[in-house]
Amino acid sequence: MSYVPRFLLLLIATLSFHCTPAIRVHSARSAIASFDRYRTFAFDTAESAPNDYASSERSAEVCKRVREQATKLLEDKGYVQADGGKSDLVLRVAAGRREPAIRRPSHGVPGWLVEDEEDDFVEGAFVVDAFDTTTEELVWHGSARTAVDANRIDEERLQRAVMEVLASFPSRRSDAPR
């Protein structure tokens, strides 16, 4: 293989990676919650999609995949999933999508059509909230949002988003990855 085709392949791969829409991640934890006392977790069904989002035909599947990956990540952090009994934490996962707000310029040129690439995007989001089961207080919140394909779930991007969101979830043991 010559230098030029290798260079082109590298350029295409680099551009493809950088053209992927960003995943916006947010997390926060309670300043007064003591995560040292939490050992077990369970999942609860969220009653609706995240605020300002609507449930879609893929929301339940996204929630299922987020729960599956969150289980693995939390176990890696030293937590144990409760089997039918009472848990220390209950996690609620919600997912939805929305058409992003389109911003139109106020100064159009007569005879020209305004084209905005945001017209093509659907934004998807998921939220993970962790509650102390004794106090029922929210102790940790994480969310991710990004442009999504309305027709399919991008498994790789979803996994990356879940990993990024739960990266800030406190570990139970010092040797667990942070």
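Going by the structure above, here's the rest.
How each quantity is defined
- Residues numbered from 1 in each chain as written.
- Predicted model: local features only at pLDDT ≥ 70, side-chain atom pairs only at ≥ 80, totals over all residues.
- Heavy atoms only, no water.
- Helix = DSSP H or I, 4+ residues; strand = E, 2+ residues; numbered from the N terminus.
- Buried < 20%, exposed > 50% of the residue type's maximum accessible area, 1.4 Å probe, protein only.
- Pairing = 2+ DSSP bridges.
- Contact = heavy atoms within 4.5 Å.
- Axes fitted to C-alpha atoms, helices over the stretch in contact; angles between N-to-C directions.
- 1 Å grid on protein atoms, 1.4 Å probe; cavity = no way out; pocket = protein on both sides within 12 Å on 5 of 7 lines; lining within 4 Å.
- Points joined across faces, edges and corners; volume = space filled by probe spheres on them.
- Nonpolar A, V, L, I, M, F, W, Y, C, P; charged D, E, K, R; others polar.
- Expected span 1.5 Å × (residues − 1).
- Arc of directions from axis to C-beta.
- Salt bridge = Lys/Arg side-chain N within 4 Å of Asp/Glu carboxyl O.

The secondary structure content of the chain amounts to 3 helices and 6 strands. Along the chain direction, N to C, the helices and strands of the chain fall in the order α-β-β-α-β-β-β-β-α.

All right, on to the pairing of strand β4 (residues 89–98) then. Among the 10 residues of β4, 7 are classified as buried, and the element is accordingly described as predominantly covered. Where strand β2 (residues 40–45) lies against β4, 5 bridges are found, and the strand directions are parallel. Across the sheet, the residue bridging to Asp-44 is Arg-92, located in β4. For β4 and strand β5 (residues 122–132), the ladder comprises 10 bridges, and the chain directions are antiparallel. Note on β5: the bridge partner recorded for Arg-92 is Asp-129.

Time to look at the sheet that holds strand β1 (residues 24–29). Taken together, the 6 strands give an open sheet; going across it, the order is β1-β6-β5-β4-β2-β3, and neighbouring strands pair in mixed fashion. With one partner strand each, in any of the chains shown, β1 and β3 (80–81) form the two edges of the open sheet. In this fold helix α2 (residues 59–76) packs onto β2, β3, β4 and β5, with an angle of close to 140° to the strand it touches most, β4. Contacting β1, β5 and β6 (138–148), helix α3 (residues 155–166) runs over the sheet at an angle of about 150° to β6.

Another point: the layout of surface pockets. Roughly 390 Å³ of internal volume is contained in the second largest pocket. Within the residue set of the lining of the second largest pocket, elements represented by two or more residues are β1, β2, β4, β5 and β6. Take the lining of the second largest pocket: its biggest share by element is 5 residues, from β5. Partitioning the lining of the second largest pocket into residue classes produces 11 nonpolar, 6 polar and 6 charged.

Right, let's get into α3. The end-to-end C-alpha separation of α3 is 16 Å, in line with the 16 Å expected for 12 residues at 1.5 Å each. Within the sequence span of α3, burial applies to Arg-157, Leu-158, Ala-161, Val-162, Val-165 and Leu-166. In an axial view of α3, the angular spread of the buried residues amounts to 155°, which keeps them on one side of the axis. The inward-facing, buried residues of α3 abut β1, α2, β5 and β6.

Counted by the stated rule, this structure contains 12 salt bridges. Residue Arg-24 pairs with Glu-123 through a salt bridge whose shortest N-O separation is 3.8 Å. Taken together, the positions of Arg-24 in strand β1 and Glu-123 in strand β5 put the pair 99 residues apart, joining distant regions of the chain. For Glu-123, a relative accessible area of 9% corresponds to the buried category. Across the pair Lys-64 and Glu-68 runs a salt bridge whose closest N-O atoms are separated by 3.6 Å. One end of the pair, Lys-64, and the other, Glu-68, are both in helix α2, 4 residues apart, so they sit about a helical turn from each other. With a relative accessible area of 40%, Glu-68 lands in the partly exposed category.

Looking now at α2. The end-to-end C-alpha separation of α2 is 26 Å, in line with the 26 Å expected for 18 residues at 1.5 Å each. Where α2 is concerned, the buried positions are Ser-59, Val-62, Cys-63, Val-66, Gln-69, Ala-70, Thr-71, Leu-73 and Leu-74. Structurally, α2 contributes buried residues whose contacts are with β2, β3, β4, β5 and α3. Residue Gly-78 follows α2 closely and has a positive phi angle near 100°.

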